[in-house]
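# A closer look at the structure
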Amino acid sequence: MCGRYTIAADAAALEARFHAYMPPGLLAPSYNAAPAQGLPTILNANPYVITVSAWGFRPEWADWRDVTPVINARAETVATKPFFRQAFRSKRCLVLADGFYEWQRTGKGKVPYRIALKTGEPFAFAGIWSMGRDGQQRPWSTFAILTTAANPLVAQIHNRMPIILHPEDEATWLNPETSPAQAQACLKPFAAHLLRIAAVSPKVNSPEGAPRDQVTAAEAGLLFPDFAPV
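These numbers come from a predicted model, not from an experiment. Sequence order as written defines residue numbering, which begins from 1 separately in each chain. Totals for whole chains, interfaces and linings use every residue, but because this is a predicted model, local features are given only for residues with pLDDT of at least 70 and side-chain atom pairs only at 80 or more, for both listing and counting. Think of the side-chain values as coming from all heavy atoms in the structure, minus any hydrogens and water.

Only DSSP runs of H or I reaching four residues or more are called helices, and only runs of E reaching two or more are called strands; each is numbered from the N terminus. Mapped onto the elements of the fold, T178 is located in the loop between α3 (167-174) and α4 (180-185). Note on classification: 1.4 Å probe, protein chains only; a residue is buried when its accessible area is under 20% of the maximum for its type, exposed when over 50%, partly exposed between these limits. Of the residues examined, T178 reaches a relative accessible area of 9% and is grouped as buried. Here a polar contact is recorded for every N or O atom pair within 3.5 Å, except that within protein the pair must consist of a potential hydrogen donor and a potential acceptor, and residues adjacent in sequence are included only if both atoms are side-chain atoms. A distance of 2.5 Å separates a polar atom in the side chain of T178 from the backbone oxygen of T172. The contact criterion used throughout is that any non-hydrogen atoms of two residues lie within 4.5 Å. The residues touching T178, leaving out its near neighbours within four places in the chain, are R92, T172 and A183.

In structure tokens:
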């Protein structure tokens, strides 16, 4: 699964990389992007604008008060599982990032590692999204990150990894005309030789590791219960 990631690139770098406009003051850089936070995404409904969506997917057809938000969806079942399949067909998104964390179990506990591109550039996770409304009937979007079997590098610490889209697959993933088979073909482990990995502080998975000035979705009025990995 993917439960924490980083998005520290500035607005100019994200705009240049993804050829999309980011409204001023949209968000602050974060080395501890976590569930329930509003985080940068590009939705296929508007592929030339970077927007904020809350990390924690709930399908639009469900009664959101009774559904636990889900942060990850498995690539192997996203097209067929009723919870996800409608979004997989029509509501795909890019989740902007520049690194992600995985934890390795050791005799002294769990050690976190950060995985990023060797180039240090931002990239996009494959995501699905949904649209809902808060208690005041204001529209807002949520998302889940798709995961797959780990490549040989990540497999040293965890058996799953988030799907990093190759740049040439991003347009296909966002294109509403893309068939389910074409979309599924984008969902593969990212090449190990293009990634680097390094141990980081265990504070990344604690409340103290989050920036004090970072606004979470809950603080913005998007109140979610506990999150369930898939």
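Following the structure, the description resumes.
Further remarks concern the packing of aromatic side chains. Aromatic rings from Phe, Tyr and Trp, taking only the six-membered ring of Trp, are treated as a pair when their centres fall within 6.5 Å; an angle between ring planes under 30 degrees marks them as stacked, one over 60 as edge-to-face, and anything in between as tilted. One pass over the full model with this rule turns up eleven aromatic pairs. Ring geometry for F83 against F84: centres 5.2 Å apart, planes inclined by 80 degrees, an arrangement best described as edge-to-face. Here the aromatic rings of F100 and F125 are separated by 6.1 Å at their centres, their planes lie at 70 degrees, and the arrangement is edge-to-face. Within this pair, whereas F100 is found in strand β7 (residues 99-106), its partner F125 is found in strand β9 (residues 123-133), the two being separated by 25 residues in sequence. Like F100, the residue F125 is buried in the burial classification. Grouping aromatic residues by their ring pairs yields a cluster made of Y5, W55, F100, F123, F125 and F143. Against the face of W129 rests K91, its NZ or CZ located 5.3 Å from the ring centre. By the criterion adopted, a ring carries a charge over it if an Arg CZ or a Lys NZ lies within 6 Å of its centre and within 35 degrees of its normal. Lying over the aromatic face of W173, R92 brings its terminal NZ or CZ to 5.5 Å of the ring centre.

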